[in-house]
Amino acid sequence: MAPRRRPRGSLIDPVPLGYVVEGEAKKKLDDVADIASVSSAVMFEHIMKHLQLNGRGLPVTWPEQELHDGELPIDTA
């Protein structure tokens, strides 16, 4: 079955992603999209829309980082 795609012309601000990623990450995205019967682009948008961020604007799974000069260790999440 071909992946379900969004209707032609329905994107408001389409931009191509010019990133080079590890093949394993791309395959995982493609596999998850296939299971959901959507395109990899639709799955990527879904993941980004539902990404949980911490108080510093980083994914909650991202390793802790050093504070910037003058920054207090307050988590607003």
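Computed from a prediction, not measured in an experiment: that's the story for all the values here.

(A) Quick look at the overall build of the protein chain. The helix and strand inventory of the protein chain stands at two helices and zero strands. Each of the 77 residues in the protein chain was classed as buried or not, and the buried ones make up 5%. Of the roughly 7,200 Å² that the protein chain leaves accessible, carbon and sulfur atoms contribute 59%.

(B) Representation of the side chain of S39. Position of S39 among the secondary structure elements: in the loop between α1 (23-36) and α2 (40-49). Given the relative accessible area of 8%, S39 is considered buried. Polar contacts involving the side chain of S39 include one to the main-chain amide nitrogen of V42, which spans 3.2 Å.

(C) Broad picture of a nonpolar patch on the surface. Together, L17, Y19, V21, F44, I47, M48, L51 and L53 make up a nonpolar patch on the protein surface, roughly 770 Å² of accessible area in all. Looking at the element boundaries, M48 is found in helix α2. For M48, a relative accessible area of 43% gives the class partly exposed.

The rules behind the values
Per chain, residue numbering runs from 1 following the sequence as it is written. Per-residue local features of the predicted model are confined to residues with pLDDT of at least 70, and side-chain atom pairs are confined, for both listing and counting, to 80 or more; whole-chain, interface and lining totals are unaffected and use all residues. Side-chain numbers here rest on the full set of heavy atoms in the structure, without hydrogens or water. A run of DSSP states H or I qualifies as a helix once it reaches four residues; a run of E qualifies as a strand once it reaches two. Both are numbered from the N-terminal end. Note on classification: 1.4 Å probe, protein chains only; a residue is buried when its accessible area is under 20% of the maximum for its type, exposed when over 50%, partly exposed between these limits. Residue burial considers only the protein chains on display, and all accessible areas are found by Shrake-Rupley using a 1.4 Å probe. Any pair of N or O atoms that falls within 3.5 Å is considered a polar contact. Within protein, one atom must be able to donate a hydrogen and the other to accept it, and sequence-neighbouring residues count only if both atoms are side-chain atoms. Patch membership requires over 30% relative accessible area and the absence of a salt bridge. Like charges are linked within 9 Å, and nonpolar side chains (Val, Leu, Ile, Met, Phe, Trp, Tyr) within 5 Å. When a carboxyl oxygen of Asp or Glu is within 4 Å of a side-chain nitrogen of Lys or Arg, the pair counts as a salt bridge.

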